[in-house]
Amino acid sequence: LCVDIGWTTLTKSQLQTAADASASAGASKLTDNYSSYYLNNGSDQFYAIQTASVNAADYAKLYGSYNGAGGKKSLAILDADIELGFTTADGAYSANYSG
């Protein structure tokens with residue numbers, strides 16, 4: 001029983017590390033098109049958001065795959081595991097932020 005609890009705790013920690021690494025890597029790509037978003041309007045802004053979203057998801061998947069857990073050497077981050085959103089200064093979160 002002790003071994004099972006230890007393995008479960010270790011796996012949970014490894015999965016959290018993978019999730020944190022994925023989120024951090026993905027978030028770092030969201031600012032790449034910041035200047036083009038604010039210098040343009042209309043469809044160019046939409047394109048900047050779409051490009052940033054795709055790049056963020058790609059980096060999240062890549063950095064997630066660098067991590068292992070539960071005896072697996074590499075993890076697969078699925079599209080369904082990724083959610084883009086926006087948090088306001090007062091802490092209110094809304095999913096699928098689009099500008």
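Residues numbered from 1 in each chain as written. Predicted model: local features only at pLDDT ≥ 70, side-chain atom pairs only at ≥ 80, totals over all residues. Heavy atoms only, no water.

**Regarding the overall build of the protein**
In step 1: Scanning the protein from N- to C-terminus turns up 3 helices and 2 strands.
In step 2: Along the protein, from the amino end to the carboxyl end, the secondary structure elements read α-α-α-β-β.
In step 3: A compact globule built from 99 residues should have a C-alpha radius of gyration of about 13 Å, whereas the protein, at 17 Å, is more than 25% larger.
In step 4: Taking the principal axes of the C-alpha coordinates as reference, the protein spans close to 60 × 30 × 20 Å.
In step 5: Classification of the 99 residues of the protein by burial places 19% in the buried group.
In step 6: For the protein, the share of sequence-separated contacts (at least 6 apart) that also reach a separation of at least 24 residues comes to 45%.
In step 7: Surface exposure of the protein reaches about 7,100 Å², of which carbon and sulfur atoms provide 58%. (Helix = DSSP H or I, 4+ residues; strand = E, 2+ residues; numbered from the N terminus. Rg over C-alpha atoms; globule rule 2.2 N^0.38 Å. Buried < 20%, exposed > 50% of the residue type's maximum accessible area, 1.4 Å probe, protein only. Contact = heavy atoms within 4.5 Å. Areas by Shrake-Rupley, 256 points an atom, 1.4 Å probe, with all protein chains shown as cover.)

**Considerations on helix H3 (residues 43–65)**
Note that an α-helix has 3.6 residues per turn; residues three or four places apart therefore point the same way.
In step 1: For H3, which comprises 23 residues, the first-to-last C-alpha distance of 33 Å matches the rise-based estimate of 33 Å (1.5 Å per residue) to within 8%.
In step 2: Along H3, the residues that are buried comprise Ala-48, Ile-49, Ala-52, Ser-53, Ala-56, Ala-57, Ala-60 and Gly-64. (Expected span 1.5 Å × (residues − 1).)

**Some remarks on the side chain of Ser-53**
In step 1: With respect to the helices, strands and loops of the structure, Ser-53 is situated in helix H3.
In step 2: Relative accessible area serves as the criterion here: at 19%, Ser-53 is assigned to the buried category.
In step 3: Polar contacts involving the side chain of Ser-53 include one to the main-chain carbonyl oxygen of Ile-49, which spans 2.8 Å. (Polar contact = N/O pair within 3.5 Å; in protein donor to acceptor, adjacent residues only side chain to side chain.)

**Here we look at the pattern of salt bridges**
In step 1: Scanning all chains against the criterion turns up 2 salt bridges.
In step 2: With a shortest N-O distance of 3.0 Å, Lys-29 and Asp-32 are connected by a salt bridge.
In step 3: Residue Lys-29 is classed as buried on the basis of its relative accessible area, which comes to 17%.
In step 4: Take Asp-32: its relative accessible area is 40%, and that puts it in the partly exposed class.
In step 5: Here Lys-61 makes a salt bridge to Asp-79, at a shortest N to O gap of 2.3 Å. (Salt bridge = Lys/Arg side-chain N within 4 Å of Asp/Glu carboxyl O.)

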